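Letter by letter, the chains look like this.
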Amino acid sequence: MNCQEYIERFLSAHADNELRGRERRAANDHVGGCGACRACLADERKLKELIRTRIRVARAPSDVRLRIQAALEETPEGGVAERKRLHQDADRLLRAAANQCNQRDR
Ligand SMILES: [Zn+2]
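Residues numbered from 1 in each chain as written. Predicted model: local features only at pLDDT ≥ 70, side-chain atom pairs only at ≥ 80, totals over all residues.

## Examining the overall build of the protein chain
Scanning the protein chain from N- to C-terminus turns up five helices and zero strands. Counted from the first residue to the last, the protein chain has its helices and strands arranged as α-α-α-α-α. In the protein chain, buried positions account for 8% of the 106 residues. In the protein chain, 66% of the contacts between residues at least 6 apart in sequence involve partners at least 24 apart. (Helix = DSSP H or I, 4+ residues; strand = E, 2+ residues; numbered from the N terminus. Buried ≥ 20, exposed ≤ 12 C-beta atoms within 10 Å, placed from the backbone. Contact = placed C-beta atoms within 7 Å.)

Written out as structure tokens, the structure reads:
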């Protein structure tokens, strides 16, 4: 496994401890021998932890959450690409929010 493959396919799941069996062994082997990816894994875990703790503090008002939920449910059948795009948008927003939290804490 090379660094690109590790980061693109395994990093996020590895940080969440969601890898099993051969994939987990391969990911652990790679990180064991690669300081750069080890650092990425540590950052990813920090980011996820930060998001978890901050989200609890700054939950969206319930009407906003309901509207987002409704919008997601309105996605037409077979609108997998659209749904994926919405999730990517949400992911990007969460990362931006986490970055801001980081900067504020410094
Ligand atoms: Zn690597």
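There is more to say after this.
## Observations concerning helix α1 (residues 3-15)
Its 13 residues place the ends of α1 only 15 Å apart at the C-alpha level, less than the 18 Å of an ideal helix rising 1.5 Å per residue. Those residues of α1 not exposed but buried are Tyr6, Phe10, Leu11 and His14. Just beyond α1, the residue with positive phi is Asn17, at close to 55°. (Expected span 1.5 Å × (residues − 1).)

## Some words on the packing of α1 against helix α2 (residues 21-33)
At a minimum axis separation of 11 Å, α1 and α2 run at an interaxial angle of 105°. Judged by the angle between their axes, α1 and α2 are roughly perpendicular. Along its contact with α1, which presents Tyr6, Phe10 and His14, the element α2 presents Glu23, Ala27 and His30. Classifying every residue of the contact of α1 with α2 by side-chain character gives three nonpolar, two polar and one charged. (Axes fitted to C-alpha atoms, helices over the stretch in contact; angles between N-to-C directions. Parallel < 35°, antiparallel > 145°, perpendicular 65-115°, else oblique. Nonpolar A, V, L, I, M, F, W, Y, C, P; charged D, E, K, R; others polar.)

## Comments concerning the environment of Ala36
By the element assignment, Ala36 lies in helix α3 (residues 35-57). When the 11 C-beta atoms within 10 Å are taken as the criterion, Ala36 is described as exposed. Separated by 33 residues in sequence, Ala36 and Cys3 have C-alpha atoms that sit 8.4 Å apart.

## Considering the nonpolar core
In this structure, Tyr6, Phe10, Leu11, Ala27, Val31, Cys37 and Leu41 together form the largest nonpolar core, which totals seven residues. Of all the elements in the fold, those that place two or more residues in this core are α1, α2 and α3. Among the elements that line this core, the one with the most residues is α1, at three residues. Those residues in contact with Cys37 that sit more than four places away from it in its chain are Cys3, Tyr6, Ile7, His30 and Val31. (Core = buried A, V, L, I, M, F, W, Y, C linked by C-beta atoms within 7 Å.)

## So, the environment of Ala26
Following the sequence through the fold, Ala26 ends up in helix α2. Ala26 sits 16 residues away from Phe10 along the chain, and the two C-alpha atoms are 9.5 Å apart.

Without other data, these values stay purely geometric and don't point to any function.
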